[in-house]
Amino acid sequence: MDQNLTTLQILLEEGRDLLRRTEGFTTKASRYALVKEMEKAQRILAGEVQTAFSHNREFLSPDECDPAAFCMEHYTCAPGWMTEGQQAQVYGLRPALAWFREQDVRRDAASGFSHVLKSLNQRMEEFLEWEGGVSSKGEKQLLIQVWEKAKKAAGSTGEERL
């Protein structure tokens, strides 16, 4: 088997695994988009596709491009699978998989929760330093104890995680 076909097969299996692992944590639209890219790869692996793409003009002949390499990744003028910080328009199974990994709602929830904890920790410190915030030393100690319990319950034991 050709190196590109082997790589395409590996990417296809990775896509199937991602779809299984992210069931219920990605949108139907993002799953559909990945499935469509995977279907192209399946057709190439089945030998149903001989050219990377076809032209709708008779005077243009198809490029001598490997369909498997083209399916994995190619540049296009159409909007592609853009990930944060990327400049070029890229299309294909490899960029679709990278994009799909970012569509998992658990990814945003984890980073968003960390941001909320950091913000709350900063506000709590400001409140404790503010002279009008706590009327007695006992109240301040109680507030600190409650805050420490809340951080533990959230899975954070101190500044290193915030």
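Basis of the calculations
- Residues numbered from 1 in each chain as written.
- Predicted model: local features only at pLDDT ≥ 70, side-chain atom pairs only at ≥ 80, totals over all residues.
- Heavy atoms only, no water.
- Helix = DSSP H or I, 4+ residues; strand = E, 2+ residues; numbered from the N terminus.
- Buried < 20%, exposed > 50% of the residue type's maximum accessible area, 1.4 Å probe, protein only.
- Contact = heavy atoms within 4.5 Å.
- Areas by Shrake-Rupley, 256 points an atom, 1.4 Å probe, with all protein chains shown as cover.
- Salt bridge = Lys/Arg side-chain N within 4 Å of Asp/Glu carboxyl O.

Engineer: Describe in detail the overall build of the protein, supporting the description with residues and values.
Structural biologist: What the protein contains, in helices and strands, is six helices and two strands. Each helix and strand of the protein, ordered N terminal to C terminal, gives the series α-α-α-β-β-α-α-α. In the protein, which comprises 162 residues, the proportion classed as buried is 27%. Restricting to contacts in the protein with at least 6 residues of sequence separation, those with at least 24 account for 50%. Here the protein has roughly 11,300 Å² of accessible surface; of this, 53% comes from carbon and sulfur atoms.

Engineer: Account for the environment of Leu11, naming residues and giving values.
Structural biologist: Here Leu11 shows up in helix H1 (residues 3-21). Classification of Leu11 by relative accessible area gives buried; the value is 8%. Along the backbone, Leu11 and Arg94 are 83 residues apart, and their C-alpha atoms lie at a distance of 6.9 Å.

Engineer: Lay out the environment of Glu102 in plain terms, naming residues and giving numbers.
Structural biologist: Relative to the helices and strands, Glu102 resides in the loop between helix H4 (93-101) and helix H5 (105-129). In this structure, the C-alpha to C-alpha distance between Glu102 and Thr26, residues 76 residues apart in sequence, is 9.4 Å.

Engineer: I'd like to hear about the pattern of salt bridges, residue by residue, with values.
Structural biologist: One pass over the structure, following the stated rule, counts seven salt bridges. When the shortest N-O distance is used, the salt bridge between Asp17 and Arg20 registers 3.9 Å. Placement of the pair is Asp17 and Arg20 together in helix H1, with a separation of three residues, close to one helical turn. For Arg20, a relative accessible area of 57% translates into the label exposed. The salt bridge involving Glu39 is made with Lys36; its shortest N-O contact spans 3.1 Å. Of this pair, Glu39 and Lys36 are both found in helix H2 (residues 28-45), three residues apart, which corresponds to roughly one turn of the helix. Taken together, the shared-partner salt bridges connect Asp17, Arg20 and Arg21 into one network.

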